[in-house]
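Close look at the chain arrangement
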Amino acid sequence: MSDVTDQLDINELEPKPEAGPSLYSDAPSSVSFNKLRKRLIRNVRQAIDDFSMVSAAGETGTRPRWLVALSGGKDSYGLLALLMDLQWRGMLPVDLIACNLDQGQPNFPKHILPDYLKAHDVPHRIEYRDTYSVVTSKVPEGATYCALCSRLRRGNLYRIAREEGCEALVLGHHRDDILETFFLNFFHGGRLEAMPPKLLNDDGDVMVLRPMAYCAEEDLMRFAEALKFPIIPCDLCGSQDGLQRNAMKLMIGDIERRMPGRKDSMIRALSNTRPSHLLDRSLFDFAALSVQPKKADT
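Predicted, not measured: the structure shown is a model, and the values here were computed from it.

Scanning the chain from terminus to terminus reveals eleven helices and six strands. With 298 residues in all, the chain has 40% of them scored as buried. Contacts spanning at least 24 positions in sequence make up 74% of the contacts within the chain whose residues lie at least 6 apart. In the structure as shown, the chain presents an accessible area of about 17100 Å², 53% of it carried by carbon and sulfur atoms.

A word on the packing of aromatic side chains. If you walk through the whole model with that rule in mind, you get twelve aromatic pairs. Between Phe51 and Tyr214, the ring centres sit 6.2 Å apart and the planes meet at 45 degrees, which makes this aromatic pair tilted. Within this pair, whereas Phe51 is found in the loop between helix H2 (31–50) and helix H3 (53–57), its partner Tyr214 is found in the loop between strand S6 (207–209) and helix H9 (217–227), the two being separated by 163 residues in sequence. Three or more aromatic residues joined by ring pairs make a cluster, and in this case those are Tyr24, Phe33, Tyr77, Tyr116, Phe223 and Phe229.

Turning to its location among the elements, Asn156 is positioned in helix H7 (residues 146–163). For Asn156, a relative accessible area of 12% corresponds to the buried category. In this structure the side chain of Asn156 is engaged in a polar contact, spanning 3.0 Å, whose partner is the backbone oxygen of Leu152. The residues touching Asn156, leaving out its near neighbours within four places in the chain, are Leu101, Arg129 and Thr131.

So, about the side chain of Glu217. Its place among the elements puts Glu217 in helix H9. In this structure the side chain of Glu217 is engaged in a polar contact, spanning 2.9 Å, whose partner is the side chain of Lys249. Apart from the residues within four sequence positions on either side, Glu217 is in contact with Lys74, His174, Asp176, Glu180 and Lys249.

About the criteria used
Residues numbered from 1 in each chain as written. Predicted model: local features only at pLDDT ≥ 70, side-chain atom pairs only at ≥ 80, totals over all residues. Heavy atoms only, no water. Helix = DSSP H or I, 4+ residues; strand = E, 2+ residues; numbered from the N terminus. Buried < 20%, exposed > 50% of the residue type's maximum accessible area, 1.4 Å probe, protein only. Contact = heavy atoms within 4.5 Å. Areas by Shrake-Rupley, 256 points an atom, 1.4 Å probe, with all protein chains shown as cover. Phe/Tyr/Trp six-rings, centres within 6.5 Å; stacked < 30°, edge-to-face > 60°. Polar contact = N/O pair within 3.5 Å; in protein donor to acceptor, adjacent residues only side chain to side chain.

So this is what it looks like as structure tokens:
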């Protein structure tokens, strides 16, 4: 038994290099990482196909151009790496430009993202807009900054997408983000609503895409650790504990621990609705339902 175990360990450590974009130059050569990478690639490609993301973004007749929002967190780094991997494999006929919006948070490490992107020859744009001062002046003491901060950031990213000639703004939300949003709206908003993988902005000129809709957060955490992304923590505006989203994350995590596989089941449920078995009269005409008389036997 020990010989077999030793052999398995050796196989796991044997170099199994797979080429790719520069972001993967220091990637582990282990079997486990290659499986993780391929699983994430498969998830992203499936979402792009399921929701017609490329065709939706390329309606101008020219090669689509996507603005990839890069915050410096694990999810946006993972998004960029996975899209570039698909592009490298010839599976994503899209031009990519990474964009970080420096919102003026105190002590924000301005050098990390441009240095990283330049080192890997990633086309990018760094934009400075002091939305932090706006948020802190508008939000009452004790309230969370996230909602207003997000709206201001999104508005600036739409503007940048237009200026860069991008048909789509691509965001790094994943499966767990979508589930947390669904339960937030379910418990606190009184509606069945999540994050759509594809959404047209209010002005109708920029598509919002979430290609990681099927990706598990746990996989993205392992991916970020393996590729050693220079993470910038999202706590520069001060720690804000007790957020409702955190409560949803804990609840969903507890369900998954007690009943493994429930997250995958829940994300499938969001694409498998039965309007006639819900209570929304705008989706199903309950008034038109009537008992049909039986036909007489002949």
